[in-house]
Amino acid sequence: MCSPEEALLKLEDAFLAKLALINTHILQPLLLVDPEPSEPRGQECLQLLQQLHRSSQQLWQLTKQSLQSLQRRLCQPRTTGLESLVLLGSADRILQVHLEYIESYTSCVVVQVFQQVAKRNREYWQIQSRLLQKHLSGVSFEGPVDALLGQALHQPLAQHLQQCVPLLLRLRGTLGESHPAWELVMNAITLHGNLQSFLGQELDQAAATQALGHSLRNHLKDMLCTPAHRLLQDSQDIPVRATPLQAERVLLFDDTLVLLQGPSVHSFDLRLVWVHPGQDRCTFCVLTPEEELSLRARDSLGRAVWQRKVSQAVCQALRGKKDFPVLGAGLAPSEPPACRSVAYTFCAEGRLCRATYEGEWRSGKPHGKGTLKWPDGRNHVGNFRWGLEHGFGIYLVPKATEDTFDCYKCHWEEGRMSGYGICEYGSVEVYKGYFQAGLRHGFGVLDSAPQAARPFRYTGHWEKDQRSGYGIQEDSNRGERYIGMWQTDQRHGPGVVVTQAGVCYQGTFQADKMVGPGILLSEDDSLYEGTFSRDLTPEGKGKITFSTGFTLEGSFGSGTGRGLYTQGVLDTAALPPDPSSTRKRQLGVGAFPVESRWLGVYRPFQDFVLAGCPGELQEALLGFHAQSRRELRRDQHYLSCVRNCPEDEAGRMEDILDELLWYREPAALQQYLRKALRSARHPLGKLLRTLMLTFQATYTGLGANKHLQGLAQEEVKQHARELWAAYRGLLQVALQRKGRAPEEESEDTEIRDMQVHGLMLPLVLPSFYSELFTLYLLLHEREDALYSQGITNLSLFPDTKLLEFLDVHKHLWPLKDLQLTSNQRSSLVRDKCFLSAIECLQKIINCCSTTVDPREKLGMLEKTCREIEATVSHVLGREHKLPMDDLLPLLLYVVSRARIQHLGAEIHLIRDMMDPVHTSGLYDFMLTALESCYEHIWKDMRLRRLPGHWDLRSLC
């Protein structure tokens, strides 16, 4: 008896000879039957035969190499190990070559290639059959010619696999488990056994698919019996009924589920088929992108067979290759995954008709990340939930103009834009703001293109895609800015108009027109009170109060070529008005309640807190950054939006809330809030940046008008209150997440205001300081100019003359350290007295580079007074507390020598932003003293005189 290796050698040699015979006497002649077919059917047959010929040659080449490796092993057993045998060491190649041959052969069977070629030259194949029967021992040659060809092409392979397994088992018997080749032999046994099973399954499926063709009409046969299809189950074998389509026949292929309904064919890609249990033991459900089917068998056994087969076929289709060795024996999972990533084009009528979705699916619906493309060029890239756009997405809508489109970078909810978004329209307008139900709703900013015929910018509230509520619009062409109420895209309600010429209007608007009485403030502080025309020209009854105090009351009108004309009474007898009552008139105060001005900015944050601060909603409610439409236009096929790691938002929010609990003490809390407000990623920082945007839109450029100072300063305080409330809201959420009891907010308004002014306002004020201080400068420009002139005049005095002029007692003059004569002291000494106090007072301005905190500036003022007392104590040689009669002249001296610019604007801003806790306290008294010094200088210098004594009653 020969060894296993010798037996394998003989087996491989015989199989190689059979393969050579098949190639020479079957495959090559088959290719010559019709080498250049003209019909599509003939061309398909030729391609399949060519593929079968190539795979047969590869199988022959593999067998030859296996034979050669066995020969080397038998000739040189000591130097050539079992590992060198192709049968053992080339498992992957063996599998690939055999699968290709089996696939090629069964494809020919499915489309009846052998029947086609047998018809062409039947006599030739009958002659060839005798030759093949002589050399292909063990092959059955009964039946028609086409069956003979089929048997000759697959039975040698089946016999070879069948005979190879016992020989490999014999080889294993000669080895011990510790032998290096043991595992290779075991793998080879398993592989050849599996190939046997796979070949049997593929032959059965091919035969079933071929037989199916005989029961179908020609057009259905051509559609379904293709080389790519293998029939797995037929409802004629195990009956099953599909509803609601009422299909006559249900066919399960290895890649599709087919329902035949008369002439109609409903085909479903198995990669997009989900199987769920039915309502009873005989039913199961099939979900597809556009259909929900119920398949009912006659009994539970039939339902189990069908459900198992469909599930196995789905898994196989998703893996993209046939299960090996048999259907259902592929890699895990054994059940189809619920989430998949596949491309699909919708066919049913509706908004998705002819659209192609490529991305993640769940239960027959787009669910997860994906791309939706329509034939007309529309694209949506983003997140989906149960078939609808949900979450962040980018939507492109092409316009008629080439290379122009609307670009929506938004958050979506159930298929419609909802939450924050950035929209860049084909008209080059840009909207950044909030949406609801697909429409602009809430706070938003709409910018026109810079080169537009009528450039504008609207910053404010929207309702159902129209400007409604409080908003600011700037018209660059007209040089106007409107601040006020809107309704249905028109100015409606109280409003203020500020012009480039410095003219201000306030009144009530209706349908874009001012109606009823209103006021006009000109740049020279003249005031008109009355009615206006549509273009805001005085028209009808009115009264003008000039800056000189003169009044003109009557009827006003205008006409082409006539300008403004009036009929009325001019009164020149009135006394000049108080400058503070004319120049400092404030517009809008009371007309727009500060609490309701920017509700559209506050509410998303409030909604975010009420929802428990979920990280996944942070972008939708608080905004995000996305790249420009120009960047998106570079490649519409790979749309993306650069944002701040949206996947990490939930984790980052957790960290923010955890960190918030660590800083509860006032000093630590102040540091935490400062850091949070500076961060563009912190919710408080995001809210602050949006508020800064609204403030700049209102009070910069045309809005830098002294008559808007009152609006601005109350707005800054309100923003501080809202930011404090936002912090408190975050704190409550953080406590709830840790299972701790929430802190109760004080119901006392004064206590809350003290917390706001003590903690939040000093941190918020720097963000608005530049615009706010500009308004204070404009409001107090005239007084500051007169004050500056007075300081210039006082600077001409030497120190002794100025101290004497201000009635400072001589024993308080700090001159004893100066080695000068009396004449020199009177004529030369300048800027030498109270130098430390002067430098300290100057820090009220110099500290602006690092802080704008009114509390710190008041601290500098208090330190200035202490420095004055310290200098006097040094002069007297003892501790001395200055009475107010002595302190005020000395403070006036220090103010005149400090030469602080815009002191009036500084004083009034400090007073307006001062913490209420200091009211009627030391800081308040010090600020009143400084204010009195300032007024003394600018008022008395204007009258060209200085009083000899102080009137202290004004300070009491």
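Residues numbered from 1 in each chain as written. Predicted model: local features only at pLDDT ≥ 70, side-chain atom pairs only at ≥ 80, totals over all residues. Heavy atoms only, no water.

If you check an unreviewed UniProt entry, the protein chain appears there as ALS2 C-terminal-like protein isoform X3 from Octodon degus.

Trainee: In this structure, what is going on with the overall build of the protein chain? I would like to understand it.
Mentor: Helices and strands together make up the secondary structure of the protein chain, namely 27 helices and 27 strands. Expressed as a percentage of the 956 residues in the protein chain, the buried residues total 51%. Summarising the internal contacts of the protein chain: among those between residues at least 6 apart in sequence, 52% fall at separations of at least 24. Of the roughly 45000 Å² of accessible surface on the protein chain, a fraction of 50% belongs to carbon and sulfur atoms. (Helix = DSSP H or I, 4+ residues; strand = E, 2+ residues; numbered from the N terminus. Buried < 20%, exposed > 50% of the residue type's maximum accessible area, 1.4 Å probe, protein only. Contact = heavy atoms within 4.5 Å. Areas by Shrake-Rupley, 256 points an atom, 1.4 Å probe, with all protein chains shown as cover.)

Trainee: It is not clear to me how helix H16 (residues 666-678) should be interpreted in this structure. Could you clarify?
Mentor: Each α-helix turn comprises 3.6 residues. Residues three or four places apart therefore point the same way. Over its 13 residues, H16 extends 18 Å from the first C-alpha to the last, a length consistent with the 18 Å expected when each residue adds 1.5 Å. Here H16 has its buried residues at Leu 669, Gln 670, Tyr 672, Leu 673, Ala 676 and Leu 677. The arc that holds the buried residues of H16, viewed along the axis, is 165°, so those residues lie on one side. With respect to the buried face of H16, the exposed residues turned more than 90 degrees away are Ala 667, Lys 675 and Arg 678. (Expected span 1.5 Å × (residues − 1). Arc of directions from axis to C-beta.)

Trainee: Sorry if this is basic, but what is going on with the packing of helix H17 (residues 683-699) against helix H18 (residues 709-737) here?
Mentor: When two helices pack together, their arrangement is given by the angle between their axes and by how far apart the axes lie. As a packed pair, H17 and H18 sit with axes 11 Å apart at the nearest point and diverge in direction by 165°. As far as their axial angle goes, H18 and H17 are roughly antiparallel. In this structure, H17 meets H18 at a crossing whose hand is right-handed. Each of Leu 684, Leu 687, Leu 688, Leu 691, Thr 694, Phe 695 and Tyr 699 in H17 lies in contact with H18, whose residues at this interface are Leu 711, Ala 712, Glu 715, Val 716, His 719, Leu 723, Ala 726, Tyr 727 and Leu 730. Looking at the contact of H17 with H18 residue by residue, the class counts come to 13 nonpolar, two polar and one charged. (Axes fitted to C-alpha atoms, helices over the stretch in contact; angles between N-to-C directions. Parallel < 35°, antiparallel > 145°, perpendicular 65-115°, else oblique. Left-handed = near helix turned anticlockwise from the far one by under 90°. Nonpolar A, V, L, I, M, F, W, Y, C, P; charged D, E, K, R; others polar.)

Trainee: Sorry, what's going on with helix H19 (residues 749-779) here?
Mentor: Between the first and last C-alpha of H19 there are merely 30 Å, a value that for 31 residues lags more than 12% behind the 45 Å anticipated at 1.5 Å per step. The largest bend in H19 is about 70°, located at Phe 768. (Bend = angle between axes of the 7 residues up to and from the residue.)

Trainee: Please explain the sheet that holds strand E5 (residues 264-269) as it appears in this structure.
Mentor: Strand order in the open sheet formed by four strands is E1-E3-E4-E5, and the pairing between neighbours is antiparallel. Among the strands making up the open sheet, the edge pair consists of strand E1 (231-234) and E5. Geometrically, the sheet is characterised by an average inter-axis angle of 20° between neighbouring strands, direction not taken into account. Both strand E3 (residues 249-253) and strand E4 (residues 256-261) contribute to a ladder of four bridges, which runs antiparallel. Bridging from a neighbouring strand, Val 250 pairs with Leu 259 of E4. Relative to E1, helix H8 (residues 182-214) is tilted by about 60°, and along the sheet it contacts E1 and E3. (Pairing = 2+ DSSP bridges.)

Trainee: I'm lost on the sheet that holds strand E7 (residues 283-287) in this one. Help?
Mentor: Adjacent strands of a sheet form backbone hydrogen bonds with each other and so pair up, either parallel or antiparallel. The strand order across the open sheet formed by four strands is E2-E8-E7-E6, and the pairing between neighbours is antiparallel. This sheet does not close on itself; its edge strands, each paired only once, are strand E2 (240-243) and strand E6 (274-277). Here the strands of the sheet are splayed against their neighbours by 25° on average, with no regard to which way each runs. On the sheet, helix H10 (residues 300-319) packs against E2, E6, E7 and strand E8 (292-297) and is oriented at approximately 25° with respect to E7.

Trainee: Looking at this structure, how should I read the pattern of salt bridges?
Mentor: Side chains that differ in charge, positive against negative, can pair when their charged atoms come close. Overall, the coordinates contain 35 salt bridges when judged by the stated rule. For Arg 41, the salt bridge goes to Glu 44, with nearest N and O atoms at 3.7 Å. Of this pair, Arg 41 and Glu 44 both sit in helix H2 (residues 40-75), separated by three residues, roughly a single helical turn. For Lys 857, the salt bridge goes to Glu 906, with nearest N and O atoms at 2.8 Å. (Salt bridge = Lys/Arg side-chain N within 4 Å of Asp/Glu carboxyl O.)

Trainee: Would you take a moment to explain unusual backbone geometry for this structure?
Mentor: Trans is the common state for peptide bonds, and a negative phi is the common state for residues other than glycine. Note that the residue after Thr 243, namely Pro 244, is joined by a cis bond; omega there is 10°. In this structure, Pro 244 sits in the loop between E2 and E3. In the segment running from Phe 324 into Pro 325, the intervening peptide bond is cis, with an omega of 10°. Of note in the backbone geometry, Asp 465 takes a positive phi value of approximately 75° without being a glycine. Summarising the element assignment, Asp 465 is placed in the loop between strand E18 (456-463) and strand E19 (466-475). On the basis of relative accessible area, Asp 465 is assigned to the partly exposed category, the value being 28%.

Trainee: Honestly, the packing of H2 against helix H4 (residues 91-110) in this entry has me stumped. Any pointers?
Mentor: Between H2 and H4, whose axes approach to 9 Å, the crossing angle comes to 150°. As far as their axial angle goes, H4 and H2 are roughly antiparallel. Pair H2 / H4 crosses with left-handed handedness. Between H2 and H4, the contacting residues are Leu 48, Leu 49, Gln 51, Leu 52, Ser 55, Ser 56, Gln 58, Leu 59, Gln 61, Leu 62 and Gln 65 on the first element and Arg 93, Ile 94, Val 97, His 98, Glu 100, Tyr 101, Ser 104, Tyr 105, Ser 107 and Cys 108 on the second. The residue inventory of the contact of H2 with H4, partitioned by class, reads 10 nonpolar, nine polar and two charged.

Trainee: Even after reading the chapter, I still don't get the packing of aromatic side chains, so can you show me in this structure?
Mentor: Pairs of aromatic rings are described using the distance from one ring centre to the other and the angle between the two planes. Following the criterion strictly, the structure yields 33 aromatic pairs and no others. Centre to centre, the rings of Tyr 344 and Trp 361 are 6.0 Å apart; their planes meet at 85°, and the pair counts as edge-to-face. Within this pair, whereas Tyr 344 is found in strand E9 (residues 339-345), its partner Trp 361 is found in strand E10 (residues 356-362), the two being separated by 17 residues in sequence. Of the two residues, Tyr 344 and Trp 361, both sit in the buried class. Measuring from ring centre to ring centre gives 6.0 Å for Phe 443 and Trp 598, while their planes differ by 80°; the resulting arrangement is edge-to-face. You can see Phe 443 sitting in strand E17 (residues 439-447) and its partner Trp 598 sitting in the loop between helix H11 (579-582) and helix H12 (599-610), a full 155 residues away along the chain. The two residues Phe 443 and Trp 598 agree in class, both being buried. The rings of Tyr 431, Phe 435, Tyr 458, Trp 462, Tyr 482, Trp 486 and Phe 509 are connected pair by pair, giving a single aromatic cluster. The cationic tip of Arg 378 hangs over the ring face of Trp 374; the distance from NZ or CZ to the ring centre is 4.4 Å. One cation-aromatic arrangement involves Arg 440 over Tyr 431; the distance from NZ or CZ to the ring centre is 5.6 Å. (Phe/Tyr/Trp six-rings, centres within 6.5 Å; stacked < 30°, edge-to-face > 60°. Lys NZ or Arg CZ within 6 Å of the ring centre and 35° of its normal.)

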